Amino acid sequence: MIQIPSDLNPGLVPLAFLLGNWEGAGVFDFPGEEKCNFGQEVVFSHDGRDFLEYTSHTWVLDVEGNKVRPLESESGYWRIDKDRKVEIVMVRDQGVVEVWYGELADQKPQIDLVTDAVARTAASGPYSGGKRLYGYVKSDLMWVGEKATPDVELRPYMSAQLKKVVTPEEVAEMARNLPDMPDDGIAFFR
(Lines give C-alpha, C1' and ligand atoms only; values in the text may rest on other atoms or scores of the structure.)
Protein backbone atom coordinates (compact mmCIF):
# COMPACT_ATOMS: atom_id res chain seq x y z
CA MET A 1 0.00 0.00 0.00
CA ILE A 2 1.34 3.41 -0.94
CA GLN A 3 1.15 5.97 1.86
CA ILE A 4 1.61 9.69 1.35
CA PRO A 5 3.18 11.40 4.39
CA SER A 6 1.39 14.60 5.45
CA ASP A 7 4.69 16.54 5.40
CA LEU A 8 5.70 15.39 1.89
CA ASN A 9 6.28 18.27 -0.51
CA PRO A 10 3.12 18.29 -2.71
CA GLY A 11 5.20 18.19 -5.89
CA LEU A 12 6.67 14.82 -4.83
CA VAL A 13 3.36 12.98 -4.44
CA PRO A 14 3.85 11.13 -7.78
CA LEU A 15 7.08 9.64 -6.34
CA ALA A 16 5.55 8.62 -2.98
CA PHE A 17 5.64 4.94 -4.01
CA LEU A 18 9.44 5.07 -3.66
CA LEU A 19 9.48 6.29 -0.04
CA GLY A 20 10.76 3.99 2.66
CA ASN A 21 13.41 1.40 3.41
CA TRP A 22 13.70 -1.44 0.93
CA GLU A 23 15.71 -4.69 1.06
CA GLY A 24 16.14 -7.54 -1.36
CA ALA A 25 18.41 -9.33 -3.76
CA GLY A 26 19.39 -9.35 -7.40
CA VAL A 27 21.87 -10.42 -10.04
CA PHE A 28 25.01 -8.63 -11.29
CA ASP A 29 26.45 -9.66 -14.67
CA PHE A 30 28.76 -7.54 -16.83
CA PRO A 31 31.53 -8.62 -19.25
CA GLY A 32 34.96 -8.66 -17.63
CA GLU A 33 33.53 -8.74 -14.08
CA GLU A 34 32.52 -11.59 -11.80
CA LYS A 35 28.86 -12.57 -12.16
CA CYS A 36 27.19 -12.76 -8.75
CA ASN A 37 24.04 -12.54 -6.72
CA PHE A 38 23.84 -9.46 -4.54
CA GLY A 39 21.90 -8.13 -1.58
CA GLN A 40 20.66 -4.56 -1.53
CA GLU A 41 19.38 -1.97 0.92
CA VAL A 42 17.75 1.17 -0.50
CA VAL A 43 16.33 4.17 1.35
CA PHE A 44 14.18 6.90 -0.18
CA SER A 45 13.47 9.66 2.34
CA HIS A 46 12.34 13.29 2.38
CA ASP A 47 12.61 16.33 4.63
CA GLY A 48 9.79 18.45 3.20
CA ARG A 49 11.86 20.06 0.45
CA ASP A 50 11.30 19.42 -3.28
CA PHE A 51 13.45 16.25 -3.60
CA LEU A 52 13.76 12.69 -2.34
CA GLU A 53 17.06 11.66 -0.84
CA TYR A 54 18.29 8.27 -2.08
CA THR A 55 20.93 5.84 -0.80
CA SER A 56 21.73 2.33 -2.00
CA HIS A 57 24.20 -0.22 -0.72
CA THR A 58 24.82 -3.58 -2.41
CA TRP A 59 27.06 -6.47 -1.46
CA VAL A 60 28.06 -9.79 -3.03
CA LEU A 61 26.24 -12.81 -1.61
CA ASP A 62 27.62 -16.34 -1.37
CA VAL A 63 25.54 -19.40 -2.34
CA GLU A 64 23.96 -19.48 1.14
CA GLY A 65 22.95 -15.81 0.91
CA ASN A 66 25.61 -14.48 3.31
CA LYS A 67 27.32 -11.13 2.75
CA VAL A 68 30.79 -11.61 1.24
CA ARG A 69 31.95 -8.05 0.43
CA PRO A 70 30.60 -4.66 -0.68
CA LEU A 71 29.65 -4.37 -4.37
CA GLU A 72 28.43 -0.80 -5.05
CA SER A 73 27.13 2.17 -3.08
CA GLU A 74 25.43 5.27 -4.43
CA SER A 75 23.49 8.26 -3.17
CA GLY A 76 21.61 11.08 -4.75
CA TYR A 77 18.60 13.37 -5.03
CA TRP A 78 15.45 12.72 -7.06
CA ARG A 79 13.14 15.47 -8.33
CA ILE A 80 10.01 15.49 -10.47
CA ASP A 81 8.35 18.40 -12.26
CA LYS A 82 4.68 19.09 -13.01
CA ASP A 83 5.04 17.32 -16.40
CA ARG A 84 6.19 14.09 -14.65
CA LYS A 85 9.80 14.54 -15.82
CA VAL A 86 12.26 13.05 -13.33
CA GLU A 87 15.81 14.27 -12.76
CA ILE A 88 18.43 12.70 -10.53
CA VAL A 89 21.92 13.68 -9.44
CA MET A 90 23.81 10.62 -8.24
CA VAL A 91 27.28 9.88 -6.84
CA ARG A 92 28.77 6.39 -6.80
CA ASP A 93 31.54 5.04 -4.60
CA GLN A 94 33.55 4.11 -7.72
CA GLY A 95 34.27 7.77 -8.44
CA VAL A 96 31.37 8.46 -10.80
CA VAL A 97 28.91 11.36 -10.75
CA GLU A 98 25.83 11.12 -12.97
CA VAL A 99 22.88 13.25 -14.03
CA TRP A 100 19.86 11.14 -14.99
CA TYR A 101 16.70 12.27 -16.77
CA GLY A 102 13.53 10.32 -17.31
CA GLU A 103 9.82 10.21 -16.99
CA LEU A 104 7.18 8.76 -14.70
CA ALA A 105 4.87 6.57 -16.77
CA ASP A 106 1.27 7.61 -17.23
CA GLN A 107 -1.16 5.86 -14.86
CA LYS A 108 1.42 3.52 -13.29
CA PRO A 109 4.33 3.74 -10.83
CA GLN A 110 7.16 3.18 -13.30
CA ILE A 111 10.15 5.40 -14.07
CA ASP A 112 12.39 5.11 -17.15
CA LEU A 113 15.75 6.89 -16.83
CA VAL A 114 18.82 7.54 -18.97
CA THR A 115 22.11 9.25 -18.12
CA ASP A 116 22.54 12.73 -19.54
CA ALA A 117 25.98 13.48 -18.10
CA VAL A 118 28.72 11.34 -16.60
CA ALA A 119 31.85 12.57 -14.81
CA ARG A 120 34.55 10.17 -13.60
CA THR A 121 37.60 10.42 -11.41
CA ALA A 122 40.92 9.03 -12.60
CA ALA A 123 40.48 6.03 -10.27
CA SER A 124 37.06 4.98 -11.62
CA GLY A 125 36.63 2.20 -14.13
CA PRO A 126 35.48 2.76 -17.71
CA TYR A 127 31.86 3.91 -17.90
CA SER A 128 30.07 5.97 -20.52
CA GLY A 129 26.39 5.87 -19.50
CA GLY A 130 23.37 3.88 -18.54
CA LYS A 131 19.64 3.35 -18.41
CA ARG A 132 17.41 2.31 -15.54
CA LEU A 133 13.84 1.20 -15.08
CA TYR A 134 12.15 1.32 -11.67
CA GLY A 135 8.69 -0.04 -11.02
CA TYR A 136 6.35 -0.64 -8.10
CA VAL A 137 4.92 -4.11 -8.76
CA LYS A 138 2.63 -5.95 -6.30
CA SER A 139 4.04 -3.92 -3.36
CA ASP A 140 7.67 -4.62 -4.37
CA LEU A 141 10.17 -2.18 -5.82
CA MET A 142 11.80 -3.75 -8.87
CA TRP A 143 14.55 -2.27 -11.00
CA VAL A 144 16.92 -3.10 -13.81
CA GLY A 145 20.05 -1.17 -14.74
CA GLU A 146 21.88 -1.09 -18.06
CA LYS A 147 25.49 0.02 -18.46
CA ALA A 148 27.81 1.00 -21.32
CA THR A 149 31.57 1.42 -21.46
CA PRO A 150 33.80 2.45 -24.36
CA ASP A 151 34.32 -1.29 -25.05
CA VAL A 152 30.86 -2.73 -24.18
CA GLU A 153 27.60 -1.57 -25.74
CA LEU A 154 24.68 -0.69 -23.48
CA ARG A 155 23.40 -3.89 -21.88
CA PRO A 156 21.60 -5.01 -18.70
CA TYR A 157 24.04 -5.58 -15.84
CA MET A 158 22.07 -5.38 -12.56
CA SER A 159 18.50 -6.07 -11.51
CA ALA A 160 16.79 -6.59 -8.17
CA GLN A 161 13.50 -7.17 -6.41
CA LEU A 162 13.14 -5.26 -3.14
CA LYS A 163 10.59 -5.58 -0.34
CA LYS A 164 9.51 -2.71 1.90
CA VAL A 165 10.90 -2.87 5.42
CA VAL A 166 8.39 -1.95 8.11
CA THR A 167 9.86 -0.04 11.05
CA PRO A 168 8.63 -0.45 14.65
CA GLU A 169 7.16 3.07 14.41
CA GLU A 170 5.15 2.06 11.33
CA VAL A 171 3.87 -1.06 13.11
CA ALA A 172 2.77 1.11 16.05
CA GLU A 173 0.97 3.48 13.67
CA MET A 174 -0.80 0.55 11.98
CA ALA A 175 -1.85 -0.77 15.39
CA ARG A 176 -3.27 2.65 16.36
CA ASN A 177 -5.35 2.65 13.18
CA LEU A 178 -6.88 -0.83 13.63
CA PRO A 179 -10.63 -0.93 14.17
CA ASP A 180 -11.83 -1.74 17.68
CA MET A 181 -11.78 -5.49 18.26
CA PRO A 182 -14.58 -7.33 20.07
CA ASP A 183 -13.62 -8.42 23.58
CA ASP A 184 -13.15 -12.07 22.66
CA GLY A 185 -11.23 -11.28 19.45
CA ILE A 186 -12.92 -14.22 17.68
CA ALA A 187 -16.00 -12.28 16.59
CA PHE A 188 -13.73 -10.15 14.40
CA PHE A 189 -13.18 -13.16 12.10
CA ARG A 190 -16.85 -14.17 11.76
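The structure displayed is predicted, hence computed values, not measured ones.

J.: Before we move on, could you go through unusual backbone geometry and cite the residues and values that matter?
T.: Phi at lysine 138 takes a positive value of approximately 50 degrees, unusual for a residue other than glycine. Along the polypeptide, lysine 138 turns up in the loop between strand E8 (129–137) and strand E9 (140–148).

J.: Could you give me a rundown of the pattern of salt bridges, with the residues and numbers involved?
T.: All chains considered together, the criterion is met by 11 salt bridges. Where glutamate 33 meets lysine 147, a salt bridge forms, and the shortest distance between an N and an O atom there is 3.5 Å. One end of the pair, glutamate 33, is in the loop between strand E1 (20–28) and strand E2 (36–45); the other, lysine 147, is in strand E9, with 114 residues separating them in the sequence. The class for glutamate 33 is partly exposed, based on a relative accessible area of 40%. A residue is classified by how much of its surface remains accessible, and lysine 147, at 10% relative accessible area, is buried. Sharing partners across several salt bridges, the network here consists of Glu72, Glu74, Arg92, Glu98 and Arg132.

J.: How would you explain the packing of aromatic side chains if you had to name every residue and give the values?
T.: Within the structure shown, the criterion is met by 10 aromatic pairs. Seen from their ring centres, phenylalanine 28 and tyrosine 157 are 5.8 Å apart, and the 80 degrees between their planes marks the pair as edge-to-face. Here phenylalanine 28, found in strand E1, pairs with tyrosine 157, found in strand E10 (residues 155–165); they are 129 residues apart in sequence, far enough to count as distant. A single burial state applies to phenylalanine 28 and to tyrosine 157, both of which are buried. Measuring from centroid to centroid gives 6.1 Å for phenylalanine 30 and tyrosine 157, while their planes differ by 80 degrees, and the two rings are edge-to-face. Here phenylalanine 30, found in the loop between E1 and E2, pairs with tyrosine 157, found in strand E10; they are 127 residues apart in sequence, far enough to count as distant. With relative accessibility at 3%, the residue phenylalanine 30 sits in the buried group.

J.: Give me the lowdown on the sheet that holds strand E4 (residues 67–80), citing residues and values where you can.
T.: Strand pairing in a sheet is mediated by backbone hydrogen bonds. Such pairs are either parallel or antiparallel. Ordered by their spatial adjacency, 10 strands build a closed barrel running E1-E2-E3-E4-E5-E6-E7-E8-E9-E10, and the pairing between neighbours is antiparallel. On average, each strand axis in the sheet is tilted by 25 degrees relative to the strand beside it, whichever way the strands run. In terms of strand pairing, E4 meets strand E5 (residues 85–92) through 7 bridges, oriented antiparallel. Within E5, the residue paired with tryptophan 78 across the bridge is isoleucine 88.

J.: Let's hear about the side chain of aspartate 140: which residues, and what values?
T.: Topologically, aspartate 140 is positioned in strand E9. Here aspartate 140 falls in the buried class, since its relative accessible area comes to 8%. Within polar-contact distance, the side chain of aspartate 140 engages the side chain of lysine 163 at 2.8 Å.

J.: Give a description of the confidence of the model for the protein chain that names residues and reports values.
T.: On average, residues of the protein chain score 91 in pLDDT, and 90% of them reach the 70 mark or higher. The low-confidence segment residues 186–190, where pLDDT is below 50, has 4 contacts with residues more than four positions distant or belonging to other chains.

J.: Please provide a residue-by-residue account of the environment of phenylalanine 44, values included.
T.: Among the structural elements, phenylalanine 44 can be located in strand E2. Measuring from C-alpha to C-alpha, the distance between phenylalanine 44 and methionine 142 comes to 14 Å, with 98 residues separating the pair along the chain. Residues in contact with phenylalanine 44, not counting those within four places in the same chain, are Leu18, Leu19, Gly20, Trp22, Leu52, Glu53, Tyr54, Trp78 and Leu141.

J.: Tell me about the environment of valine 96, residues and numbers included.
T.: Relative to the helices and strands, valine 96 is located in strand E6 (residues 96–104). In this structure valine 96 comes out as buried when scored by relative accessible area, which is 4%. The spacing of valine 96 and proline 126 is 30 residues in sequence and 9.9 Å in space, taken between C-alpha atoms.

Conventions we followed
- Residues numbered from 1 in each chain as written.
- Predicted model: local features only at pLDDT ≥ 70, side-chain atom pairs only at ≥ 80, totals over all residues.
- Heavy atoms only, no water.
- Helix = DSSP H or I, 4+ residues; strand = E, 2+ residues; numbered from the N terminus.
- Salt bridge = Lys/Arg side-chain N within 4 Å of Asp/Glu carboxyl O.
- Buried < 20%, exposed > 50% of the residue type's maximum accessible area, 1.4 Å probe, protein only.
- Phe/Tyr/Trp six-rings, centres within 6.5 Å; stacked < 30°, edge-to-face > 60°.
- Pairing = 2+ DSSP bridges.
- Axes fitted to C-alpha atoms, helices over the stretch in contact; angles between N-to-C directions.
- Polar contact = N/O pair within 3.5 Å; in protein donor to acceptor, adjacent residues only side chain to side chain.
- pLDDT = per-residue confidence, 0-100.
- Contact = heavy atoms within 4.5 Å.

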